[in-house]
Amino acid sequence: MTAEIFSHSPPQKVMNSSPDVLIIGGGAMGLATAVELACQGVSVTVLSRDFQEAAVHAAAGMLAPQAEGLPPGPMLDLCLRSRAIYPDWTRQLTDLTGLETGYWPCGILAPCYGTVPSREGKDDKWCDRNTIRQHQPDLSPDVVGGWWFPEDAQVNNQQLAQVLLQAAQKQGVTLKEGVTVTDLEIENNQIHRVQTNAGPWQAQTYVLTTGSWSQQLLPIPVVPRKGQLFSVQTTIQPLRHVLFGPDAYIVPRQNGRIVVGATSEDVGFAAYNTPAGIQSLLAAAMRIYPPLADLPLEDCWWGFRPATPDEWPILGESPYNNLILATGHYRNGILLAPMTARLISELVLSGQADPCLADFSWQRFPQAQPSLGLPALAHS
Ligand code: GLY
């Protein structure tokens, strides 16, 4: 903000004392980045429209670059780097807050049905019919074997959401809940300020972490992809690992809960569970692990994954000098939270983009190029 720019502005009272960084979006990416920046002495404000709607609550918390079958390349590399820093990251969050995240390096088993798949070119660990049952008893007779990914893990995403919130508060981040950004005001190719339902806000640098809702502010191709989930509760957890089946995954928590997910539906923001969605998950999960059928059903819910056309996130610089993007993490948001926070914080602090960010630039999407005559990216 400069005095000169300010003098051109309408006489509206700015609602804040101009933090260094204003983060738009209070989900996992926004909070993780806020904590990282605040730990480095940066003053940060987070504007959150509705914390409860963030994708972090809806996820199952798998840290599964291998079970998800990501092909070799920049996305797998980024996900593996993030998985590698998860133990330290969650430990630091626990040190900051005294709260547990439920990080559990339990490994993931990916059971298969039908004919035994070809192992050509794969160095992953294949378990035959007997071996997979040594890892996890009581699998369905349909399971002919499966892949074992010992380095894949999980975190309790609902605990993580609370830990991130507490860590942000402890580090002095200003959290504004119930604040919807309605407009990015541009001057000289910079965000001059943002308009919200609670008045205008200004900062030196802005970070957009609005996930599925990103298109409400910028014409970047991020759309909601609905996931429905349900849970059952046990007194003694019978599962030792995450089970990543063909049509559902089963995520055991150390507290006895078992989370089952998830549908993947292109239905916009249809905010409800459906009988068809839950039925498909029940059938797929009981086929993998039949004892699930007799456990007490606990809850069902849904969320919206922010999906891009190539299913990779949009990270790094934007068309505007002081706006940084961290959105579109699709199926890997929980996994990528620590690496996203690290890379975005480094960019904010040094002004230098890590070379790996080039593969995740918004510019890979022609429909997001202002030069193609698409809608202006914002109003001035
Ligand atoms: N990460 C799993 C999912 O999005 O369903």
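Residues numbered from 1 in each chain as written. Predicted model: local features only at pLDDT ≥ 70, side-chain atom pairs only at ≥ 80, totals over all residues. Heavy atoms only, no water.

(A) Local environment of helix H8 (residues 333–350). The end-to-end C-alpha distance of H8 is 24 Å, a good match for the 26 Å that 18 residues give at a rise of 1.5 Å each. At Met339, H8 shows its maximal bend, which comes to roughly 35 degrees. In terms of burial, H8 is a largely internal element, 14 of the 18 residues being buried. Just downstream of H8 lies Gly351, where phi reads positive at about 75 degrees. (Helix = DSSP H or I, 4+ residues; strand = E, 2+ residues; numbered from the N terminus. Expected span 1.5 Å × (residues − 1). Bend = angle between axes of the 7 residues up to and from the residue. Buried < 20%, exposed > 50% of the residue type's maximum accessible area, 1.4 Å probe, protein only.)

(B) Summary view of unusual backbone geometry. A cis amide bond, omega -25 degrees, links Gly261 with the succeeding residue Ala262. Tracing the sequence through the fold places Ala262 in the loop between strand E15 (257–261) and helix H7 (275–288). Non-glycine residue Asn188 carries a positive phi angle of around 50 degrees. Along the chain, Asn188 turns up in the loop between strand E9 (181–187) and strand E10 (190–196). A positive phi angle, close to 60 degrees, is found at Asn189, a residue other than glycine. Since its relative accessible area comes to 39%, Asn189 is described here as partly exposed.

(C) Local environment of the pairing of strand E17 (residues 314–317). In terms of strand pairing, E17 meets strand E18 (residues 323–327) through 4 bridges, oriented antiparallel. In the sheet register, Gly316 faces E18, and the bridge partner there is Leu325. From the end of E17 to the start of E18, which pair antiparallel, there are 5 residues. (Pairing = 2+ DSSP bridges.)

(D) Quick look at the confidence of the model for the chain. Residue-level pLDDT values for the chain average 92, and 91% of them are 70 or greater. Confidence drops under a pLDDT of 50 for residues 1–11, and excluding neighbours within four residues, the segment shows 10 contacts in the predicted structure. (pLDDT = per-residue confidence, 0-100. Contact = heavy atoms within 4.5 Å.)

(E) Summary view of helix H2 (residues 28–39). The end-to-end C-alpha distance of H2 is 16 Å, a good match for the 16 Å that 12 residues give at a rise of 1.5 Å each. Of all the 12 residues making up H2, 10 are buried; the element is thus mostly covered by neighbouring parts of the structure. Every buried residue of H2 is listed here: Ala28, Met29, Gly30, Leu31, Ala32, Thr33, Ala34, Val35, Leu37 and Ala38. Just downstream of H2 lies Gly41, where phi reads positive at about 90 degrees.

(F) Just the nonpolar core, in detail. Judged by nonpolar contacts, the single largest core of 50 residues is most densely connected at Ile23, Val44, Leu78, Trp89, Leu93 and Leu160. It is H8 that provides the largest number of residues to this core, a total of 10 residues. Apart from residues lying up to four places away in sequence, Leu93 is in contact with Val35, Leu160, Val163, Leu164 and Ala167. Residues Ile191, Ala203, Leu218 and Phe365 belong to the second largest nonpolar core, which totals 24 residues. (Core = buried A, V, L, I, M, F, W, Y, C linked by side-chain atoms within 4.5 Å.)

(G) Representation of the pairing of E15. Of all the 5 residues making up E15, 5 are buried; the element is thus mostly covered by neighbouring parts of the structure. The pairing of strand E12 (residues 223–233) with E15 spans 4 bridges and is antiparallel. Its bridge partner being in E15, Phe230 is matched across the sheet by Val260. Inspection of the sheet shows strand E14 (residues 249–252) paired to E15 by 4 bridges, in the antiparallel sense. Its bridge partner lying in E15, Ile250 is registered against Val260.

(H) Representation of the pattern of salt bridges in the model. Applying the stated criterion across every chain, the model contains 9 salt bridges. Between Arg331 and Glu68 there is a salt bridge, with the nearest N and O atoms lying 2.8 Å from each other. Taken as a pair, Arg331 in the loop between E18 and H8 and Glu68 in the loop between strand E3 (62–63) and helix H4 (74–97) lie far apart in primary sequence, 263 residues in all. We classify Arg331 as partly exposed; its relative accessible area is 27%. A salt bridge links Arg364 to Asp310; the shortest N-O distance between them is 2.6 Å. Of this pair, Arg364 sits in the segment after H8 while Asp310 is found in the loop between strand E16 (297–307) and E17, placing the two residues 54 residues apart along the sequence. For Arg364, a relative accessible area of 24% puts it in the partly exposed group. Given the relative accessible area of 31%, Asp310 is considered partly exposed. The network of salt bridges with shared partners includes Arg83, Glu151 and Asp152. (Salt bridge = Lys/Arg side-chain N within 4 Å of Asp/Glu carboxyl O.)

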